[in-house]
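Examination of the molecular architecture
For reference, the chains in residue letters:
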Amino acid sequence: MLYYLFEYLNRHYDFPGLRLFQYITFRTSLAVIISLIITTVYGRRIINYLQKMQVGETVRNLGLEGQMQKQGTPTMGGIMILLGILVPTLLLANLSNIYVILMIVTTIWMGVIGFVDDYIKVFRKNKEGLAGRFKIVGQVGLAVIIGWTMYFNPNIVVRQTVPESGILTDKAPLVLRPKGDGFYYTQDVKSTITNVPFYKNNEFDYAKVLKFLGPGYEKYAVFVFLLVVIIIVTAVSNGANITDGIDGLATGTSAIIGITLGLLAYVSGNTVIADYLNIMYIPNSGELMIFAGAFVGACVGFLWYNSYPAQVFMGDTGSLAIGGIIAAFAIMIRKELLIPVLCGIFLIENISVMLQVGWFKYTKRKYGEGRRVFLMAPLHHHYQKKGYHEAKIVTRFWIIGILLAIITIVTLKLR
C-alpha cells in the first residue's frame, strides 16, 4: 500500500527521497525492520493475550530433561509470525506481482490450516488436532494452485537464450544482449526449466522426463510439474512441523533458509547480476525479496521470545505456514530441486521419523517386538535422550543449516 502511495507521489510531486521506494533493497530493509517491530514490540502483547486466554501447551511426559517445565507455555504464537510477514508485505510490496500474490495466498492458506489444528488441540482439548488426511488435502490443494498458476499464468516466464536454429516463440520479443565482443538474443518465454544441483548447466526440463512418449510430449509436462510441487510442499511443510520440537530450532533454521532464498530471489530477479553469474533470470521475481525480508524479520523477531527457555511456541499455526512458505518460495524462483540440500535439517528430521516408525513396525511384525533406530524420533529428541542440552542441539543444528545454505549457493556455480 505504501508502495502505491509513494509511486503516486513520485509521479505527481517532486519531493526528494520518493524514488527510494522504487528500489527493492530499500523496501526489503524496511520490511525487515517493520517485521521485527511487530514480532518483538507487539509480540509481547500477543503473548500476554494468549496467556489471558489460557492458550497453553499441553506437554506429554516423554522423559526428556526440562520437558515438564514447558507445561502451560503459550502456544499459537505463529500468529506473530503471520502478522510479521503479511503486514510489511502488504505495505511495501507490489501487490499486482503474481509472485507476491501467490506468497500471500500460501501464507494465509497454510496459516489457516495450522490455526485450525491448534484450535482443536487447545480449545477442543483434542491432542491429535486436525486429522492428518485434512492436512494433506490442504497441502495438496495449495500445491495444485501454485503449480497450475506457475505453469499457465502468462506473467510467469524465464529468460532463455535463443538458439542458432531460430526463435523460441513468436509471442515474445527478441532482446539483444552483449556477450564479450559479440551479441546474443534472448526471449522471455513460458518454460518448464528449473535449477538442479550437480547437473550440466544446472538446468533441468521437466518436459524431457516424458520424452519417451514421442512427439507432443511437452503438453503433458504439467502433470510432472504438479507432482513435483505436491511432493515439495507436503514434504517441507511437514518437515518444518516435525522440526519444531525444541526451543528456537525451527525458527532459527527457517531464518537461515529465508536469507538464502531471499538472496537467490534477488539474483534471479536482477538481469545484470543473473547474466554476470550465469544464473537463470526470472523477470519480476525480484519483488519476492520484500517478502523474504519480512519472513526473515518475523522469524528472528519471534526467536526473541522463542529462544531457550521459550516464552511462547509457534504451534502448527507457525510451523506449517513456515514450511509452506519455504516450499512455495523455492518453487517460484525455480530452486525447488535444491530443497534437499538447503532444507537438509527438515529432511533429516523427516527421515529420522520415517526410519523409526518403519523399522519399529517391521521388527514388531518379524520378531514380535518393536525395535528402534534412534533413542527417540525426531532426531533432535535422540540427542536430548543422549544427554545434550537443547540449547547446544539447537546451536549445532543452526551451524549445519548455515553450511547447507553455503553449499546450496555454491552448487549453482558448479558446471
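Residues numbered from 1 in each chain as written. Predicted model: local features only at pLDDT ≥ 70, side-chain atom pairs only at ≥ 80, totals over all residues. Heavy atoms only, no water.

1. Structural notes on the packing of aromatic side chains
- For the structure on display, the rule yields 10 aromatic pairs.
- An aromatic cluster is defined as three or more aromatic residues linked by ring pairs; in this entry it consists of F115, Y119 and F123. (Phe/Tyr/Trp six-rings, centres within 6.5 Å; stacked < 30°, edge-to-face > 60°.)

2. Focus: the environment of Y4
- The residue Y4 is located in helix α1 (residues 2-12) in this model.
- For the pair formed by Y4 and L95, sequence separation is 91 residues and the distance between their alpha carbons is 9.0 Å. (Helix = DSSP H or I, 4+ residues; strand = E, 2+ residues; numbered from the N terminus.)

3. Quick look at the environment of V196
- Note on placement: V196 falls in the loop between β4 (193-195) and β5 (203-205).
- With a relative accessible area of 14%, V196 lands in the buried category.
- In the structure, V196 is positioned 138 residues away from R334 in sequence and 8.8 Å away in space, judged by C-alpha atoms.
- Ignoring sequence-local partners within four residues, the contact set of V196 consists of N202, E203, F204 and L337. (Buried < 20%, exposed > 50% of the residue type's maximum accessible area, 1.4 Å probe, protein only. Contact = heavy atoms within 4.5 Å.)

4. As for helix α7 (residues 249-268)
- Here α7 spans 29 Å end to end across 20 residues, near enough to the 28 Å set by a 1.5 Å rise per residue.
- Among the 20 residues in α7, 17 count as buried, and that is most of the element. (Expected span 1.5 Å × (residues − 1).)

5. Describing the nonpolar core
- Of all hydrophobic cores here, the largest spans 80 residues; its most connected members are I326 and F329.
- Ignoring any residue separated from it by four or fewer positions in sequence, one finds F329 in contact with M103, L261, G262, A265, L288, F291 and A292. (Core = buried A, V, L, I, M, F, W, Y, C linked by side-chain atoms within 4.5 Å.)

6. Concerning unusual backbone geometry
- Cis peptide bonds are those with omega within 30 degrees of zero, and the linkage from Y308 to P309 qualifies with -10°.
- Inspection of the secondary structure puts P309 in the loop between α9 (288-306) and α10 (315-332).
- Residues A377 and P378 are joined by a peptide bond in cis, for which omega reads 5°.
- Inspection of the secondary structure puts P378 in the loop between α12 (344-367) and α13 (379-385).
- Within the chain, M76 stands out as a residue other than glycine whose phi angle is a positive 65°.
- Inspection of the secondary structure puts M76 in the loop between α2 (24-52) and α3 (78-92).
- The exposure class of M76 is buried, given its relative accessible area of 3%.
- Backbone geometry places R334, a non-glycine residue, at a positive phi of 60°.
- Relative to the helices and strands, R334 is located in the loop between α10 and α11 (339-342).

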